[in-house]
Amino acid sequence: MTPGVRPLIAGNWKMNGTLRDAAALAEGVRAGLEQATGADLLICPPFLHLHVAAASMGWKAVAIGGQDCAAEPNGAHTGDVSAAMLADAGCGYVILGHSERRADRGETDALVRAKAEAVIDAGLIPVVCVGETEAQRDSGQAEAVVAAQLAGSLPDGFPAAKGVVAYEPVWAIGTGRTPTEADIAAMHARMRAELVARFPGEGETLRLLYGGSVKPSNAVAILALPNVDGALVGGASLKAADFLGIAAAVPA
Ligand SMILES: O=C(CO)COP(=O)(O)O
């Protein structure tokens, strides 16, 4: 953790569940909130489940986020959802540039940057994801790849003091594999250095999340690492007890 920075535990529900499931999961998270945690909590349901999750949450105990948004503010963009629509639905955050979108939808750093600008314009906080593939790590390029993604994906107007960046190694997502603690710490130190150089005076307190096979059993060790200011959780965020168990790894 970074001294003086309040950690963020974020759940990315991806494309899972029904409306009923979303309401029950949000309710489960809300009901377990007495569990002590020193972290802010964020859940990111599918678009169609945002409203029911926000309503079930009581709209404020836990922040709500989208998993993506359009780069354009409105207009003739069939099938897209704007940042302003997400704000209207109760969102405070938007995940951008997740590796599944970079891989499945061909999202480039430039598109992620344009989306981040749209999110900032709508008054929301971007959660920008970066991370190397296994081949890139094996060939010793991991830090260079992540540094380039950061440079290309973050707009100059990135609200670094309150913005969020998530390091999610592609090969650790949904696989049960994680980098060593030393590798996570080294990557987060490199990212912090890049961010401080680009956003002096603000990059120091930007929340740097780790994501990729985080679960209650490894959360204490990962969240204790320097420059790890929270977690972006996929599979384990679909069970309220597991998500809250990860949040409980942050000392109250
Ligand atoms: O992609 C992730 C969060 O955005 C991580 O997913 P898992 O926690 O399922 O590995």
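Thresholds applied
- Residues numbered from 1 in each chain as written.
- Predicted model: local features only at pLDDT ≥ 70, side-chain atom pairs only at ≥ 80, totals over all residues.
- Heavy atoms only, no water.
- UniProt positions renumbered as here; feature names shortened; annotations may be inferred.
- Buried < 20%, exposed > 50% of the residue type's maximum accessible area, 1.4 Å probe, protein only.
- Helix = DSSP H or I, 4+ residues; strand = E, 2+ residues; numbered from the N terminus.
- Pairing = 2+ DSSP bridges.
- Near = heavy atom within 4 Å.
- Polar contact = N/O pair within 3.5 Å; in protein donor to acceptor, adjacent residues only side chain to side chain.
- Nonpolar A, V, L, I, M, F, W, Y, C, P; charged D, E, K, R; others polar.
- Phe/Tyr/Trp six-rings, centres within 6.5 Å; stacked < 30°, edge-to-face > 60°.
- 1 Å grid on protein atoms, 1.4 Å probe; cavity = no way out; pocket = protein on both sides within 12 Å on 5 of 7 lines; lining within 4 Å.
- Contact = heavy atoms within 4.5 Å.

Within an unreviewed UniProt entry, the label attached to the protein chain reads Triosephosphate isomerase, and the organism entered is Muricoccus vinaceus. Note on the protein chain: under the UniProt heading Subcellular location (unreviewed entry), the record states "Cytoplasm". According to UniProt, the comment filed for the protein chain under the heading Subunit (unreviewed entry) is "Homodimer."

> Is there a simple way to explain the pairing of strand β6 (residues 164–167) in this structure?
The two faces of a sheet get side chains in turn, since along a regular strand they alternate between them. By the alternation rule, side chains of β6 split into V164 and A166 and V165 and Y167, which are all buried. For strand β5 (residues 125–130) and β6, the ladder comprises four bridges, and the chain directions are parallel. By the bridge assignment, C129 is partnered in β6 with A166. Two elements, β6 and strand β7 (residues 207–211), share four bridges in a ladder whose sense is parallel.

> Just to check I follow, could you spell out the site of the ligand for this structure?
Lining the immediate environment of the ligand, one finds 13 residues, of which K14, H98, G174, S213 and G235 sit closest. H98 is positioned such that a nitrogen or oxygen atom in its side chain is 2.8 Å from an oxygen atom of the ligand. Within the side chain of E168, one N or O atom sits 2.9 Å away from an oxygen atom of the ligand. Among the residues making up the shell around the ligand, the classes are represented as four nonpolar, seven polar and two charged.

> Got a minute to help me understand the packing of aromatic side chains in this structure?
Counted under the stated rule, the structure contains two aromatic pairs. Relative to F199, the ring of F158 lies with its centre 6.1 Å away and its plane at 40°, an arrangement referred to as tilted. With F158 in the loop between α7 (142–153) and β6 and F199 in the loop between α8 (181–198) and β7, the pair connects residues that are 41 residues apart, well separated along the chain. The same class applies to F158 as to F199, namely buried.

> Is there a simple way to think about the UniProt feature "active site" (unreviewed entry) in the protein chain in this case?
Per the UniProt annotation, the sites labelled "active site" (unreviewed entry) are H98 and E168. Across 71 residues of sequence, these annotated residues stay compact in space, with a maximum C-alpha separation of 8.3 Å. Of the annotated positions named here, the largest pocket is lined by H98. On the basis of relative accessible area, H98 is assigned to the buried category, the value being 4%. Not counting the four nearest positions on each side in its chain, H98 is found in contact with N12, K14, C129, E168 and I173. Relative to the elements of secondary structure, E168 occurs in the loop between β6 and α8. Setting aside chain neighbours within four positions, we find E168 in contact with H98, C129, V130, G131, I173, G211, G212 and L232.

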